[in-house]
Amino acid sequence: NPIAAADLATAEETAKYVLDNTDKVFAAANKPGNISDAQWTEARPFVNALAQRTYAYVFVQRKDDIRAEQELTKVVAAEANQPLFSYFLGSAQFNQRAKNLEKVPQAIFNIARASEYDGQGALPAAQRTQFRTSVTSIYKQYHGSDEGFAEVLAAAKAGARPPSGFKIRSITEIEQEKFANEEEWVKAHPMEAFWRDTIKTPLTGADADSVFANTYKEAG
């Protein structure tokens, strides 16, 4: 620890060989004599899943976030009970936020999955709490508040992949929506907007006395 580069290379080569040559690896001629045909058949999906996790983990260790995201996505899609790999996936996505901010909602979901999953293979309570603290902070920074966070946690607990239509609005999107809605409201309510912006707000603000004396007093 840290894992030697040569060991990572061996792990990558071995895992990739298994993934690319599954039929060859599990050919009947390769079955050890001390296990049954049924056991040999059952071993195939187990070893394949292990190979995919190993292959993905190599890129996690190399901090290759793009390749890690690709391979980790395969792990999480195939195995719903791998919350640590959901965390790895969320971290790889979050690390790409500078170039692609749209990765952040996916990252939030995957880290939340690691913190909320409580079925077989769930992470220790202390680790889940750590991940919950981390994803709470990320959510508030991205969304601007904890509004809607409970729903995200519930969705992450229910499934390893985001539900259809999953979205978290960013602070920027929320502000843009507010601006657009405000502009539309002003167009639709010109008299109310005039009252609010030109009369009421100035005359109830910090400089109300000055505004009244210079603008309205004895204005006729």
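First, a word on what this report is: a plain description of the structure on this page. Source: prediction; values computed, not measured. (Residues numbered from 1 in each chain as written. Predicted model: local features only at pLDDT ≥ 70, side-chain atom pairs only at ≥ 80, totals over all residues. Heavy atoms only, no water.)

## Some thoughts on the overall build of the chain
Condition: Counting from the N terminus, the helices are DSSP H or I runs at least four residues long and the strands are E runs at least two residues long. Note on classification: 1.4 Å probe, protein chains only; a residue is buried when its accessible area is under 20% of the maximum for its type, exposed when over 50%, partly exposed between these limits.
A count of helices and strands for the chain gives eleven helices and zero strands. Going from the N terminus to the C terminus, the chain shows its helices and strands as α-α-α-α-α-α-α-α-α-α-α. For the chain, the C-alpha atoms occupy an extent of roughly 105 × 35 × 35 Å along the three principal directions. Every one of the 220 residues in the chain was classed for burial, and the buried ones make up 30%.

## Considering the packing of aromatic side chains
Under the convention used in this document: Side-chain rings of Phe, Tyr and Trp (the six-membered ring for Trp) are treated as a pair once their centres are within 6.5 Å; stacked means planes under 30 degrees apart, edge-to-face means over 60, and tilted covers the remaining angles.
Evaluation of the coordinates by the stated rule reveals eight aromatic pairs. Centre to centre, the rings of Phe-109 and Phe-166 are 5.3 Å apart; their planes meet at 70 degrees, and the pair counts as edge-to-face. One end of the pair, Phe-109, is in helix α6 (residues 103-116); the other, Phe-166, is in the loop between α8 (149-158) and α9 (171-188), with 57 residues separating them in the sequence. With a centroid separation of 4.8 Å and 40 degrees between ring planes, the pair formed by Tyr-139 and Phe-149 is classed as tilted. Residue Tyr-139 is found in helix α7 (residues 125-143), and its partner Phe-149 is found in helix α8; the two are separated by ten residues along the sequence. Given a relative accessible area of 3%, Tyr-139 falls into the buried group. We classify Phe-149 as buried; its relative accessible area is 7%. Put simply, the rings of Tyr-57, Phe-85, Tyr-87, Phe-88 and Phe-131 touch in pairs and so form one group of aromatic residues.

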